[in-house]
Amino acid sequence: MCRATPTPIQALQQNIALLALDEFEVLDNAITKGRFDEEDVLGMLRHLIQHRPRFKVLLAGSHTIEEFQRWASYLINVQVVHISYLKQPEARQLIEQPVQDFTLRYEPNAVERVLQLTRCHPFLIQLLCAEIIALKNEQDPSSRRLATLADVEAAIPQALSVGSFFFADIQSNQADAAGLDILQFLAARGEGATVSRLTILQHFPDKSHALNLLLQRELIEEVSEGYRFQVELIRRWFASSLSVQ
């Protein structure tokens, strides 16, 4: 006896299917190299979006659709959602109560330092706090349950090492050669340092496009006096990579 196999639409019934593509830039690279056919891949996504209301497509990445013209022409009716840092109350909860009945307590200045170093970036908070926990686990039981400012500072080098893949992605995929030169130039100035646009362009003439790209990637920010790193841990990584060259 034959049994009919339900189609995807029949199997879904009233449910919604989510097709999530993280780091969609990698897929674009594969299309560029000829590993996938542009019309087959992007045409399929466009067809799903336009004609399959029970299928939702989520593209996640550090680049914008506008940077990939062939994607923009296929996905003209997508909604762009900008995801940024956590709000401070959310970041504090992630630090102090990442799970129920979390037993490690933080001194107030230790929490503030984590916020300063990460700018409430969710991954960087988890990265740094994981190394703080690992550090505390190696300490005497009498001091193991309280994280201090000194503990936060001591955990930074290991966090930079363990999270190297995150920082290396910035170097490889989010900035061009000119942008990397600018980042290292800013990193060498120290924590919180601001450098004027004039000074940057004097050292890197005709590189205003690279500077604007760094702003778009949210690696640096513009303040009244000039430009600085948005996130201190990212600056630390570039400063440490500069010191070993």
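As the structure is a prediction and not an experimental result, all values here were calculated from the model.

A. Spotlight on the pairing of strand E6 (residues 226–229). Alignment of strand E5 (residues 220–223) against E6, held across four bridges, turns out to be antiparallel. Looking across to E6, one finds that Ile 220 is bridged to Phe 229. Linking E5 to E6, which pair antiparallel, is a turn of two residues.

B. Structural context of the pattern of salt bridges. Overall, the coordinates contain 12 salt bridges when judged by the stated rule. One salt bridge in this structure joins Arg 228 and Glu 221, with 2.8 Å as the shortest N-O distance. Connected via shared salt-bridge partners are Arg 113, Glu 153, Glu 191, Glu 232, Arg 235 and Arg 236.

C. Here's a closer look at the packing of aromatic side chains. All chains considered together, the criterion is met by eight aromatic pairs. The interplanar angle of 45° and the centroid separation of 6.1 Å between the aromatic rings of Phe 229 and Phe 238 together place this pair among those described as tilted. Pair check on accessibility: Phe 229 and Phe 238 agree, each one buried. Members of the aromatic cluster, each reached through a chain of ring pairs, are Phe 123, Phe 165, Phe 166, Phe 167, Phe 229, Trp 237 and Phe 238. The ring of Phe 185 has Arg 189 sitting right over it, with the charged end atom 3.8 Å from the ring centre.

Calculation notes
Residues numbered from 1 in each chain as written. Predicted model: local features only at pLDDT ≥ 70, side-chain atom pairs only at ≥ 80, totals over all residues. Heavy atoms only, no water. Pairing = 2+ DSSP bridges. Helix = DSSP H or I, 4+ residues; strand = E, 2+ residues; numbered from the N terminus. Salt bridge = Lys/Arg side-chain N within 4 Å of Asp/Glu carboxyl O. Phe/Tyr/Trp six-rings, centres within 6.5 Å; stacked < 30°, edge-to-face > 60°. Buried < 20%, exposed > 50% of the residue type's maximum accessible area, 1.4 Å probe, protein only. Lys NZ or Arg CZ within 6 Å of the ring centre and 35° of its normal.

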